[in-house]
Amino acid sequence: EFLSIIESNIIINILKYGLAVIIPLLIIVMEKNGITLIEFVNVIKAKIYLLFGKNKQAKEALLNLVEKVPDSYKGHKMLAELYKEEGGMRRAIDEYVLAIDINKKDYDSYYIVAELLNSLNKKEEASMMLFNLLEKKPDMYNATELLGNILMDQERYKEAVTIYQEALKYNPVSYELNYSLGMAYTMLNDFQSAKICYEKAAEINSLLYNAKYSLAEIALIYKDLEEAPKRFLEAIEEEELSADGYYELSKICLIKGDKETAIKYVNIAIDIGNRRIVDKVKKEPLFIPIMAKISVPFNFEEKEEKNNKLTKIEITAKEHLEEMVDITRHLSYNDINLLKKNKIINTQNINRNNEKDEKQK
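What you see as residue numbers is a count from 1 along each chain, following the sequence as written. pLDDT decides what is reported in this predicted model: residues at 70 or higher carry local features, side-chain atom pairs at 80 or more are listed and counted, and totals for whole chains, interfaces and linings draw on all residues regardless. With hydrogens and water stripped out, all remaining heavy atoms of the structure feed into the side-chain values.

Talk me through the overall build of the protein chain; I want residue IDs and the actual numbers.
Helix and strand content of the protein chain: 18 helices and zero strands. Note on areas: Shrake-Rupley, 1.4 Å probe, and residue coverage restricted to the protein chains presented here. Summed over all atoms, the accessible surface of the protein chain reaches about 21700 Å², with 55% contributed by carbon and sulfur. Runs of H or I in DSSP of at least four residues are treated as helices and runs of E of at least two as strands, each being numbered from the N terminus.

Explain the environment of Lys123 to me, using residue names and the numbers behind them.
Relative to the helices and strands, Lys123 is located in helix α7 (residues 123-136). Along the backbone, Lys123 and Leu147 are 24 residues apart, and their C-alpha atoms lie at a distance of 9.4 Å. If we skip the residues at most four places from it in the chain, Lys123 touches Asn118, Ile150, Asp153 and Gln154. What makes two residues a contact is simply this: any of their non-hydrogen atoms within 4.5 Å.

Explain the packing of aromatic side chains to me, using residue names and the numbers behind them.
Here the aromatic set is Phe, Tyr and Trp, taking the six-membered ring for Trp, and pairing holds for ring centres within 6.5 Å; pairs whose planes are under 30 degrees apart are stacked, those over 60 apart are edge-to-face, and all others are tilted. One pass over the structure, following the stated rule, counts five aromatic pairs. Measuring from ring centre to ring centre gives 5.6 Å for Tyr175 and Tyr179, while their planes differ by 20 degrees; the resulting arrangement is stacked. With a gap of four residues between them, Tyr175 and Tyr179 both fall in helix α10 (residues 175-187), about one helical turn apart. Take Tyr175 and Tyr179: they sit in the same class, and that class is buried. Plain terms: the ring middles of Tyr246 and Tyr265 are 5.8 Å apart, the flat faces sit at 40 degrees to each other, and that makes the pair tilted. Taken together, the residues Tyr246 in helix α14 (residues 239-256) and Tyr265 in helix α15 (residues 259-273) connect sequence positions 19 residues apart. Classification of Tyr246 by relative accessible area gives buried; the value is 18%. The buried label applies to any residue whose accessible area, calculated with a 1.4 Å probe on protein chains only, is under 20% of its type's maximum; exposed applies above 50%, and partly exposed to all values in between. Relative accessible area serves as the criterion here: at 15%, Tyr265 is assigned to the buried category. Among the aromatic side chains, those forming a connected cluster through ring pairs are Tyr175, Tyr179 and Tyr198.

Outline helix α17 (residues 312-328), listing residues and values.
Multiplying one less than the number of residues by 1.5 Å gives the expected span of a helix. The terminal C-alpha atoms of α17 lie 24 Å apart, and with 17 residues this matches the ideal 24 Å at 1.5 Å per residue to within 8%. Every buried residue of α17 is accounted for by Ile313, Glu314, Ala317, Lys318, His320, Leu321, Glu322, Met324, Val325 and Thr328.

Kindly report on the nonpolar core, identifying the contributing residues and their values.
Among the nonpolar cores identified, the biggest contains 98 residues, and Leu130, Met152, Tyr198, Phe232 and Phe287 are the most heavily contacted of them. Apart from residues lying up to four places away in sequence, Leu130 is in contact with Tyr111, Ala114, Ala143, Leu146, Leu147 and Ile150. Definition used in this section: a nonpolar core is a set of buried Ala, Val, Leu, Ile, Met, Phe, Trp, Tyr and Cys residues joined via side-chain atoms within 4.5 Å.

Outline empty space enclosed by the protein, listing residues and values.
Two kinds of site are reported from a 1 Å grid over the protein atoms alone, namely cavities, where a 1.4 Å probe fits but cannot get out, and pockets, open sets with protein on both sides within 12 Å along at least five of seven lines, and residues are called lining when an atom falls within 4 Å of a point. Grid points are joined across faces, edges and corners, and a volume is the space filled by probe spheres set on the points. Overall, the coordinates contain one cavity of 30 Å³ or more when judged by the stated rule. For the largest cavity, the full set of lining residues is Tyr179, Met183, Tyr198, Asn210, Tyr213, Ser214, Leu241, Leu310, Glu314, Ala317, Lys318 and Leu321. When contributions to the lining of the largest cavity are tallied by element, the ones reaching two or more residues are α10, α12 (210-221) and α17. Tallying contributions element by element places α17 first for the lining of the largest cavity, with four residues.

Break down a nonpolar patch on the surface for me, citing the residues and quoting the values.
Taken together, the side chains of Phe40, Val41, Ile44, Ile48, Leu51 and Phe52 present a nonpolar region at the surface, about 620 Å² in accessible area. Overall, the relative accessible area of 68% leaves Leu51 in the exposed class. By definition, no residue in a patch forms a salt bridge, and every one has over 30% relative accessible area; like charges are joined within 9 Å, nonpolar side chains (Val, Leu, Ile, Met, Phe, Trp, Tyr) within 5 Å. Within this document, salt bridges are pairs made up of a side-chain nitrogen of Lys or Arg and a carboxyl oxygen of Asp or Glu, the two lying within 4 Å of each other.

Summarise the side chain of Thr328; cite the residues concerned and give the values.
Its location among the elements puts Thr328 in helix α17. When its relative accessible area of 4% is taken as the criterion, Thr328 is described as buried. Pairs of N or O atoms within 3.5 Å make up the polar contacts considered here, provided that, within protein, one atom can donate a hydrogen while the other can accept it, and that residues adjacent in sequence are counted only when both atoms are side-chain atoms. A polar contact is formed between the side chain of Thr328 and the backbone oxygen of Val325, at a distance of 3.4 Å.

Requested: an account of the pattern of salt bridges, with residues and values cited.
Under the criterion given, the structure shown has 18 salt bridges. Residues Lys312 and Asp153 are paired through a salt bridge, measuring 3.1 Å at the closest nitrogen-oxygen approach. Separated by 159 residues along the polypeptide, Lys312 in helix α17 and Asp153 in helix α8 (residues 141-153) bring together distant segments of the chain. Classification of Asp153 by relative accessible area gives partly exposed; the value is 36%. In the salt-bridge network here, residues are joined through shared partners; they are Asp244, Arg276, Lys280, Lys318 and Glu322.

Right, dumping it as structure tokens:
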């Protein structure tokens, strides 16, 4: 003011003295909330640099911040996000872990660390992280989904069942959870429990046909030749399942003695699935009586490979069901009924034990 040549007007003076009071007050409030001035300034600088795509300068500002303020949650979290974006997964994990140590309730960072560990093929470490996370926040759906996928991939189906059952307490009308639980039961050969889950999934979302295909296969296992065709006719609406659906419908028609319809269905299946279905037909003894009427192309057309919508877990469960249909085909109806009753009894016993455990807790 002394050095100023031009005399300040009253508005500038009010603004000047106002800021002289407000700025120190803001700094006091920030520090009471655990935000230091150096943290505030460096975070703002980093955000401005990132806005203009200057990642290197943003990183320097954040590294400067965590060097001077090692317990800066914001600094470590932003660094982790920056490393992740650049592909530095291990550095990102280190920074996320430091952020979690400072803020124990940062459940999103917990999940991201597990996701990164899984991407680095460290399945055990990822699953441990997710088990710990779900203990703290059992209703976190994406954590359940990732842990379930890891457990299913590792063939730890009983643990996957427990995880999905717990998650359903918080989200009982989730198609994905009911369907995933059905697949876990499928891999345990508990087809009665799997059927209940698939039915629930199909009821929740009638436009997703994977559950209907699984229900059709389970109907075949239990020799329900009325239910199975209905479910397969629903499932063939899905492009990924249509060839296999028509193939299975053809087999059912042969079992029922309807050769004409069987020929029609198998030819449609070959037209859609080409070589893959032809290979299955050649291995299946049921087709021997009608083999002369099946249109097997001499030169298979090279069809453009499409991205398979089914996940690895879905394909495994689907193939397992198809295999079990072949294994149980020669069992008598009495054997199937006995298997069904045993599964019902086992399911009831499991439910009783779970209820006892809940009461004890």
